[in-house]
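These are the residues of each chain, in order.
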Amino acid sequence: MDNPWWHSAVVYQIYPRSFADADGDGMGDLRGIIDHLDHIAGLGADVVWLSPVYPSPQDDNGYDISDYQDIEPVFGTLADFDELLAGVHERGMRLVMDLVVNHSSDEHQWFVESRSSKDSPKRDWYWWRPAREGMEPGTPGAEPTNWGSVFGGSAWEYDPASGEYFLHIFSRKQPDLNWENPEVRDAVYAMMNWWLDRGVDGFRMDVIDHISKDTTLPDGVVRPGAPYGEGGPHYLNGPRNHEFLQEMHRRVFAGRDALLTVGEMPGVTVDEAVLYTDPARKEVDMVFNFDHVWADRGADPWLLYPLRLTRLKAIFARWQAGLAETGWNSLYWNNHDQPRVVSRYGDDSPQWRERSAKMLGAVLHLHRGTPYVYQGEELGMTNYPFGSIADFRDIEALGHYAQAVDHEGRQPADVLTVLRARSRDNARTPMQWDDSPQAGFTTGTPWLAVNPNYKDINAVAAVADQESVYHFYRRLIALRHEEPAVVYGDFTMLLPQDERLYAYTRRFEGVELLVIGNFTGEPVRADIDEAGAWSAAELLLTNAPASADLVLEPWQVVIYRRGVTR
Ligand code: NOJ
């Protein structure tokens, strides 16, 4: 079989609310995206992934969909969408949609009908359950299980009209669809086919390892001090998850060419990922795992730990080895759910921001897998200097604050410290296009404040400067397109015990690449065998003057290439 095109592709993710606002209402829109497609094409990206643009009450910024086959009016119309799709295709790129089918909005007609009566033909499309046996419905503790929802509170919402509860792993406005019901699956597949027939090129599948639940719905373990039990073990990677994805493949993807499918899978293990991405099993092309973006937290996501580079390297080494023979990796630092990587794993001070952003980009992109660039990452955009809780908009941040401060008695200042580092709103501040008011994102009032550093960090400035993070990312992407060793080389991690340097080689058909990134603000010598041989090799890319003896400057990255006998 020929190698799939997405092996050498780079994906650019757009978060539409925050990308570009063409009509001045403070919210990004499809016209805004159309106006800026050349920015993405200029970077060399092959694929655009659009976060949800469907009609939605926006409780979770569009990850709560009330109509799967239309466009949210705030973002535009289906005609605008078709124009966007054509614009993407004209530039030789592909467009991947977000598919959010673990849950719908509670305002989706399916749920409205489901809720209308216990006898509704759609009742079983969602997870309705009576109160815990022997308990008065609607009273504390009467929920069918003790699971907590991801955004705080119980995962069950009581519906007084019918006296039953419905399950929502995320917000109460995101009821979980019941994939056990074949009618639900039929409806989802029909909708997916409708989009593919319209010309889209694939799907990024939201929390797609949540769709199969343990139908006995057991209580979860309660961690000490936690208000709820852990539902995860009973709804993550459940008994029918592979079966459902194989069925989806047969009913939607089979016989269609050139698609890209990527499953978002919080908590997925390497062994499971091999199964999900084994081409012979016909499930998905690749998955998003979370291990490397959870490297600086504990079991409690709201506890911060400094990054240990050895831990991060061990994680990547495990994933690179695990999917070396079968399956395929995705590679990402950022998306709309993660704080900005330059603030997180790099150094966003004026002195080292650009250099560390480039180093992080290079270290990531030279792994084996398909890299994803999140809007603004190519500018080295940083976390936002949040003041008070009033500065946040994200349901997760607000839910966590309420839970931690109001119910667990934690100090507001401590909770804010964590949110500043961790909140998803860091990723969602408007794209910084130029140095005009509101960074050129909108002529109105943006729905979330623009980062005050936009005068220095913006696309116009970055495109004009050949030494910018933008041009470095452009070179990285070009390197992937030109050098087969970047795509197919075997991966070997070097210096696994070193807390300062991230180093590895890639080897493919007589070519070997060496990548070394310095994760510190000090010069560090790379003690790598045959150092002499490497420093005489061709230096493909770096972000600082390279020394002859592999001494890396603060936050420097070097990529060398040499010929080897096979
Ligand atoms: C994952 C999405 O990326 C996130 O933004 C969303 O809140 C949850 N899934 C629920 O859809």
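Data block above holds the structure.
Everything quoted here is computed from the prediction, not taken from an experiment.

Reading the values: the criteria
- Residues numbered from 1 in each chain as written.
- Predicted model: local features only at pLDDT ≥ 70, side-chain atom pairs only at ≥ 80, totals over all residues.
- Heavy atoms only, no water.
- Helix = DSSP H or I, 4+ residues; strand = E, 2+ residues; numbered from the N terminus.
- Buried < 20%, exposed > 50% of the residue type's maximum accessible area, 1.4 Å probe, protein only.
- Contact = heavy atoms within 4.5 Å.
- Areas by Shrake-Rupley, 256 points an atom, 1.4 Å probe, with all protein chains shown as cover.
- Lys, Arg positive; Asp, Glu negative; His and termini not counted.
- Charge placed at Lys NZ, Arg CZ, Asp CG, Glu CD.
- Pairing = 2+ DSSP bridges.
- Axes fitted to C-alpha atoms, helices over the stretch in contact; angles between N-to-C directions.
- Core = buried A, V, L, I, M, F, W, Y, C linked by side-chain atoms within 4.5 Å.
- Near = heavy atom within 4 Å.
- Polar contact = N/O pair within 3.5 Å; in protein donor to acceptor, adjacent residues only side chain to side chain.
- Nonpolar A, V, L, I, M, F, W, Y, C, P; charged D, E, K, R; others polar.
- Phe/Tyr/Trp six-rings, centres within 6.5 Å; stacked < 30°, edge-to-face > 60°.
- Arc of directions from axis to C-beta.
- Right-handed = clockwise from strand over helix to strand, strands pointing away.
- Expected span 1.5 Å × (residues − 1).

Engineer: Before we go on, may I ask you to explain the overall build of the protein in this structure?
Structural biologist: Summing up its helical and strand segments, the protein has 18 helices and 18 strands in all. Structurally, the protein occupies a C-alpha span of about 75 × 55 × 50 Å along its principal axes. For the protein, buried positions account for 60% of its 566 residues. Within the protein, counting contacts between residues at least 6 apart in sequence, those at least 24 apart form 70% of the total. Accessible surface, the protein: about 21,100 Å² in total, of which carbon and sulfur atoms supply 50%. Positive and negative charge centroids in the protein, built from 51 and 86 side chains respectively, lie 3 Å apart.

Engineer: Before we go on, may I ask you to explain the pairing of strand β1 (residues 11-14) in this structure?
Structural biologist: A regular strand places its side chains on the two faces of the sheet in alternate fashion. What you see with β1 is no split at all: V11 and Q13 on one side and Y12 and I14 on the other are buried throughout. Taken together, the three bridges between β1 and strand β11 (residues 370-374) define a ladder with parallel strand orientation. Bridging from a neighbouring strand, V11 pairs with Y372 of β11. Bridge count for β1 against strand β2 (residues 47-50) is four bridges, and the pairing is parallel.

Engineer: What is the right way to look at the sheet that holds strand β12 (residues 490-494) in this model?
Structural biologist: Within a sheet, neighbouring strands are paired by backbone hydrogen bonds and run either parallel or antiparallel to one another. Pairing within the open sheet is antiparallel, and its five strands lie in the order β12-β13-β14-β18-β16. One side of each edge strand has no neighbouring strand; the edge strands of this open sheet are β12 and β16 (538-542). If you compare each strand with its neighbour and ignore which way they point, the axes differ by 20° on average. Relative to strand β13 (residues 501-508), β12 is paired through five bridges, and the arrangement is antiparallel. From the neighbouring strand, M493 faces β13, where its bridge partner is Y504. Together, β12 and β13 form the strand contacts of helix α9 (residues 309-322), whose direction differs from that of β13 by roughly 20°.

Engineer: Would you explain the nonpolar core in this entry?
Structural biologist: Soluble, globular proteins show a tendency: their nonpolar side chains are buried together. Core analysis: the largest hydrophobic core is formed by 138 residues, its most contacted members being F81, M97, M192, W195, F203, M248 and F519. When residues in this core are grouped by element, the largest group, eight residues, is from helix α5 (residues 182-198). Not counting chain neighbours up to four residues away, the residues in contact with M248 comprise L99, W179, Y189, M192, M205 and F253. Core analysis: the next-biggest nonpolar cluster, separate from the first, contains 14 residues, A142, F151, Y165 and Y235 among them.

Engineer: Help me understand the site of the ligand in this model?
Structural biologist: Close to the ligand lie 14 residues, the nearest being D60, H103, D206, H336 and D337. At 2.8 Å, a side-chain N or O of H336 approaches an oxygen atom of the ligand. Here an oxygen atom of the ligand sits 3.0 Å away from a polar atom, N or O, in the side chain of R424. For the ligand, whose accessible area on its own is 300 Å², the fraction buried by protein is 97%. Considering only residue class, the shell around the ligand consists of four nonpolar, three polar and seven charged.

Engineer: Just checking my understanding: could you explain the environment of S8 for this structure?
Structural biologist: With respect to the helices, strands and loops of the structure, S8 is situated in the segment before β1. As for S8 and A321, which are separated by 313 residues in sequence, their C-alpha atoms are 19 Å apart.

Engineer: Explain the packing of aromatic side chains to me, please; I cannot follow it from the model alone.
Structural biologist: Each aromatic ring pair is specified by the distance between its two centres and by the angle formed by the two planes. One pass over the full model with this rule turns up 33 aromatic pairs. Where F288 meets Y332, the ring centres are 5.4 Å apart and the plane angle is 75°; that geometry is what we call edge-to-face. Of this pair, F288 sits in strand β9 (residues 286-288) while Y332 sits in the loop between β10 (330-331) and α10 (341-344), placing them 44 residues apart in sequence. By relative accessible area, which is 3% here, F288 ends up buried. When the ring of F290 is compared with that of W294, the centres are 5.1 Å apart and the planes differ by 45°; the resulting orientation is tilted. Looking at F290, the relative accessible area reads 7%, which means it is buried. Classification of W294 as partly exposed rests on a relative accessible area of 26%.

Engineer: Please explain helix α13 (residues 412-422) as it appears in this structure.
Structural biologist: One turn of the α-helix equals 3.6 residues, which is why residues spaced by three or four share an orientation. Considered for burial, the residues of α13 that qualify are V415, L416, V418, L419 and R422. Relative to the axis of α13, the buried residues are bounded by an arc of 165° and lie together on one face. Buried residues along α13 sit against α10, α12 (395-407) and α14 (425-428).

Engineer: What am I meant to see in the pairing of strand β8 (residues 260-264) here?
Structural biologist: When you tally the buried positions in β8, you get five out of five residues, the bulk of the element. In β8, alternate side chains face the same way, and those of L260, V262 and E264 on one face and T261 and G263 on the other are all buried. Two elements, strand β7 (residues 202-205) and β8, share four bridges in a ladder whose sense is parallel. Bridge pairing in β8 links G202 to L260. After leaving β8, the chain enters helix α8 (residues 270-277) and then returns to the sheet as β9, a path that is right-handed.

Engineer: Can you walk me through α5 in this structure?
Structural biologist: A rise of 1.5 Å per residue sets the reference length of α5, with its 17 residues, at 24 Å; its end C-alpha atoms lie 24 Å apart and thus fit the reference within 8%. Those residues of α5 that sit buried are V184, R185, A187, V188, Y189, M191, M192, N193, W195 and L196. Looking at the buried positions of α5, the neighbouring elements they touch are α3 (78-90), β3 (94-99), α4 (109-116), β7 and α7 (241-253). For α5, the N-terminal cap is N181; the gap from its side-chain oxygen to the backbone nitrogen of E183 is 2.8 Å. Positive backbone phi, at 120°, marks G199, one or two positions downstream of α5.

Engineer: What should I look at first to understand the sheet that holds strand β4 (residues 128-129) in this one?
Structural biologist: Taken together, the three strands give an open sheet; going across it, the order is β4-β6-β5, and neighbouring strands pair in antiparallel fashion. One side of each edge strand has no neighbouring strand; the edge strands of this open sheet are β4 and β5 (156-159). In the sheet, β4 pairs with strand β6 (residues 164-167) via two bridges, with the strands oriented antiparallel. Among the inter-strand pairings, R129 is bridged to a residue of β6, identified as Y165.

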